[in-house]
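# Structural features, examined
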Amino acid sequence: MKKKSSLQEQVSVEFQNKFGTAPPLLVQAPGRVNLIGEHTDYNDGFVLPMAIDRGIWLALQPREDDQVAVHSLDFGETAVFHLNNLQQTQSGWAEYPKGVAWALQENGYALRGWEGVLAGNVPKGAGLSSSAALELATARAFQQLSGFSWDAVQMAKLSQLAENKWVGMNCGIMDQMISAAGEAGHALLIDCRSLETQLVPLPPAPDGSGTAVVILDTTTRRGLVDSAYNERRQQCEAAAAYFGVPTLRDVSISKFLAEADNLEPLTRRRAKHVITENLRTLNAAKAMQNADAPLLGQLMNESHISMRDDFEITNDELNVMAEAAQAQPCCFGARMTGGGFAGCAVALVHEEMVADFVTAVSQKYQQQTNLSPKIYVCQPSPGASVVSQPN
Ligand code: GLA
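Okay, so let's go over this structure. (Residues numbered from 1 in each chain as written. Predicted model: local features only at pLDDT ≥ 70, side-chain atom pairs only at ≥ 80, totals over all residues. Heavy atoms only, no water.)

### Describing the pairing of strand S8 (residues 197-201)
We count it as follows: Strand pairing requires that DSSP identify at least two bridges connecting the strands. Secondary structure elements are taken from DSSP: a helix is a run of H or I of four residues or more, a strand is a run of E of two residues or more, and numbering for both begins at the N terminus.
One ladder, built from five bridges, connects strand S7 (residues 186-191) with S8; its direction is antiparallel. Counted as the bridge partner of Leu188 is Leu199 from S8. Hairpin connection, S7 to S8: the antiparallel pair is bridged by five residues, and Leu195 has positive phi, about 60°.

Following this line, the structure appears as C-alpha cells:
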C-alpha cells in the first residue's frame with residue numbers, strides 16, 4: 001500500500017511541476033503473477049493469475065489536438081505521437097501506448113489526445129507483465145477521456161492485438177485479461193477460449209490463518225520477444241495438428257495417453273505439459289474454492305516439474321529457487337511463473353511465517369547461485385482502474 005501511494009504521489013507531483021496544475025485524472029493498471037496455468041493461454045486453455053499491487057500509475061489531462069505526449073519517470077523520456085499519423089519507430093516503451101492507440105482506432109474507437117506522466121514498479125523483463133500494465137493503463141486513459149464505456153474483455157483483446165501486431169510479441173491473452181479484469185482479494189480463473197472468468201479467493205492455511213503469495217525473482221532475465229516462446233507455440237500447434245484439432249485444449253488426457261507412444265518425443269513432452277497443466281489449473285481453482293491450500297500447493301509443485309521436464313522453460317536459477325521455497329515447511333507449493341526461461345517463481349506461504357520464509361529462501365538461493373534474489377510479498381489487487389478523476 002505504501003508503494004502504491006508513493007508512485008501515485010510521484011506522478012502527481014511531476015505532473016504539477018510540468019503542467020502547473022494538479023492532474024485532473026489518474027489511472028492505474030497492475031502487473032500480474034500467474035498462480036498456475038502456464039503456456040496454456042495460446043492453446044485456448046485455462047490460466048489462474050492474480051493482479052498484484054505493483055503496476056503503472058498515469059496522471060494525465062486531455063489535449064485539444066490529436067497529440068499524445070507522455071513522460072515516463074522510469075525512462076526519463078517523453079514520447080510524443082499523433083493519433084492521426086501513428087508511426088512505428090524502433091522498439092521501446094513508447095510502442096506500447098502507441099500500439100494501444102492504433103488497436104483502438106483500428107477497431108472504430110474515436111480517440112482524444114492527452115498529455116501526462118507515468119511511472120511503474122513492476123520489474124521489467126521479470127515475467128510480471130509490466131507491458132500489459134502499460135497497455136491497460138493506456139487503454140484506461142483513452143477510455144476515460146474519449147468517453148466510451150469500459151469493457152474489460154474488449155480492452156484486453158485490443159491490448160493483446162497491440163502487442164501482437166504493433167510491438168511484434170506473439171503473446172496470448174492472459175496478461176492483458178488479468179490486468180484489465182483483476183479484482184482485489186482474488187485470483188481469476190480465465191477460460192482463454194470463451195474469455196469467461198471466475199473469481200477465486202486465496203485459500204486460508206489449514207489452521208485458519210491466511211496465506212500469502214510471494215514472488216521470488218531470480219534476477220535472471222531473458223527478453224520475451226525472442227525465439228524460444230514462439231518455438232514453444234509452434235510445437236504446440238504441431239501437436240494439435242497431429243491430433244487433428246484446432247488447439248491442445250481439445251485433446252483430452254485419455255486421447256493423449258492412447259496416442260502418446262506414436263508421437264515424436266519432443267512433441268509428446270510439449271503436449272503433455274499443456275494437457276496436464278489445463279487439468280491442474282481447473283483442479284487448482286477447485287482447491288481454492290474448497291479452501292484447500294495444501295492441494296493448491298501440491299498442484300503448483302507438479303506444475304513446476306512439468307515446466308522443468310516436459311515444457312523445458314525453466315533455467316537452473318528458477319529450479320534452485322522453486323526447490324528452496326518448496327523445502328520450507330511453511331510453503332504449500334512453489335513454481336516458476338510467467339513466460340519462463342528466466343525471471344520469477346511464485347510461492348504460496350503460511351502468512352504468519354512469511355518473514356522467516358523470505359530469509360531462509362534468500363539465503364539458500366544466494367548460497368547456491370551467488371545471486372541476490374528480490375522477493376515481493378504481494379496482494380491480489382484490482383485491475384485497470386481510475387484512481388481519481390474530476391468531480
Ligand atoms: C507470457 C505471455 C502470456 C502467456 C505466458 C505463459 O506471459 O505474455 O500470454 O503465454 O507467457 O503462460
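### Structural notes on the site of the ligand
We count it as follows: A cutoff of 4 Å decides nearness: a residue is near a molecule or strand if any of its heavy atoms lies inside that distance of it. Any pair of nitrogen or oxygen atoms within 3.5 Å is treated as a polar contact; in protein, a donor-acceptor pairing is required on top of that, and neighbouring residues in sequence qualify only through side-chain atoms on both sides. With residues, only the protein chains shown are counted as cover, and all accessible areas are computed by Shrake-Rupley using a 1.4 Å probe. Residue classes follow a fixed rule: Ala, Val, Leu, Ile, Met, Phe, Trp, Tyr, Cys and Pro count as nonpolar, while Asp, Glu, Lys and Arg count as charged, and any other residue, Gly among them, counts as polar.
Contacts to the ligand come from 13 residues, most closely from Glu38, His39, Asp41, Asp175 and Tyr229. One of the side-chain nitrogen or oxygen atoms of Asp175 is found 2.6 Å away from an oxygen atom of the ligand. Side-chain polar atom of Tyr229 to an oxygen atom of the ligand: 2.6 Å apart, as the coordinates give it. When the ligand is considered free in solution it has 310 Å² of accessible area, and contact with the protein chains removes 98% of it. Split by residue class, the shell around the ligand holds five nonpolar, four polar and four charged.

### Focus: the sheet that holds strand S5 (residues 77-82)
Consider a sheet: its strands pair through backbone hydrogen bonds, and that pairing is either parallel or antiparallel. Rules: Note on method: axes are straight lines fitted to C-alpha atoms, helices fitted across the in-contact stretch only, with angles between N-to-C directions ranging 0 to 180 degrees. In what follows, residue pairs with any heavy atoms lying within 4.5 Å of each other are defined as contacts.
In spatial order, the strands read S5-S4-S6-S3-S1-S13; together these six strands make up an open sheet with mixed pairing. Among the strands making up the open sheet, the edge pair consists of S5 and strand S13 (385-388). Here the average twist between neighbouring strands, direction ignored, is 30°. Relative to strand S6 (residues 114-120), strand S4 (residues 67-72) is paired through five bridges, and the arrangement is parallel. Bridge pairing in S6 places His71 opposite Val117. Its contacts with the sheet place helix H3 (residues 130-146) against strand S1 (25-34), strand S3 (49-62), S4, S6 and S13, and it is angled at close to 150° to S1.

### Focus on the sheet that holds strand S12 (residues 374-378)
Taken in spatial order, the four strands line up as S10-S11-S9-S12 in an open sheet, and their pairing is antiparallel. Strands with a single pairing partner mark the edges of an open sheet, and in this sheet they are strand S10 (331-337) and S12. Neighbour to neighbour, the strand axes of the sheet diverge by 20° on average, direction disregarded. Summarising the sheet, strand S9 (residues 211-217) and S12 pair through five bridges and their orientation is antiparallel. Within the sheet, the bridge partner assigned to Asp217 lies in S12 and is Lys374.

### Quick word on the environment of Ser129
Put simply, the rule reads: Burial classes: relative accessible area under 20% of the type maximum marks a residue as buried, over 50% as exposed, and values in between as partly exposed (1.4 Å probe, protein chains only).
As for its placement among the helices and strands, Ser129 is situated in the loop between S6 and H3. You can call Ser129 buried: its relative accessible area is 9%. Separated by 195 residues in sequence, Ser129 and Ala324 have C-alpha atoms that sit 24 Å apart. Leaving out residues up to four positions away in the same chain, Ser129 has contacts with Gly31, Arg32, Val122 and Asp175.

### A closer look at helix H5 (residues 174-181)
The element H5 is largely enclosed, with a buried count of eight among its eight residues. Regarding H5, the residues found buried are Met174, Asp175, Gln176, Met177, Ile178, Ser179, Ala180 and Ala181.

### Observations concerning the side chain of Thr40
Note on placement: Thr40 falls in the loop between S1 and strand S2 (46-47). Of the residues examined, Thr40 reaches a relative accessible area of 0% and is grouped as buried. One polar contact links the side chain of Thr40 to the main-chain carbonyl oxygen of Gly37, over a distance of 3.2 Å. Of note is the side chain of Thr40, whose polar atom sits 2.8 Å from the backbone oxygen of Phe46.

### Section: the packing of helix H2 (residues 95-106) against H3
Just so we agree on the cut-off: Here the angle decides the label: under 35 degrees means roughly parallel, over 145 means roughly antiparallel, 65 to 115 means roughly perpendicular, and every other value means oblique. A clockwise turn of the near helix away from the far one marks a right-handed crossing, whereas an anticlockwise turn of less than a right angle marks a left-handed crossing.
Contact geometry of H2 with H3 gives a least axis separation of 9 Å together with a crossing angle of 50°. Taken together, the axes of H2 and H3 are oblique relative to one another. In this structure, H2 meets H3 at a crossing whose hand is right-handed. Here Tyr96, Pro97, Val100, Ala101 and Leu104 of H2 lie close against H3, whose contacting residues are Ser131, Leu134, Glu135, Thr138, Ala139 and Phe142.

### Considering the nonpolar core
For clarity, the cut-off: In these notes, a set of buried Ala, Val, Leu, Ile, Met, Phe, Trp, Tyr and Cys residues joined through side-chain atoms within 4.5 Å is what counts as a nonpolar core.
Among the nonpolar cores identified, the biggest contains 50 residues, and Leu58, Leu60, Leu104, Trp114 and Phe142 are the most heavily contacted of them. Sort the elements by how many residues they give to this core and H3 lands first, with eight residues.

### Observations regarding the pattern of salt bridges
Filter applied, for reference: Salt bridge criterion: a side-chain nitrogen from Lys or Arg within 4 Å of a carboxyl oxygen from Asp or Glu.
All told, the structure shown has 18 salt bridges when counted by the stated rule. In this structure, the salt-bridge partner of Lys272 is Asp310, at a minimum N-O distance of 3.3 Å. Here Lys272, found in helix H8 (residues 265-289), pairs with Asp310, found in the loop between helix H9 (293-309) and helix H10 (316-326); they are 38 residues apart in sequence, far enough to count as distant. Two residues, Asp309 and Arg308, come together in a salt bridge whose shortest N-O distance is 2.8 Å. A residue is classified by how much of its surface remains accessible, and Asp309, at 35% relative accessible area, is partly exposed. Since its relative accessible area comes to 30%, Arg308 is described here as partly exposed. Where salt bridges share partners, they join Glu38, Glu277, Arg280 and Arg335 into one cluster.

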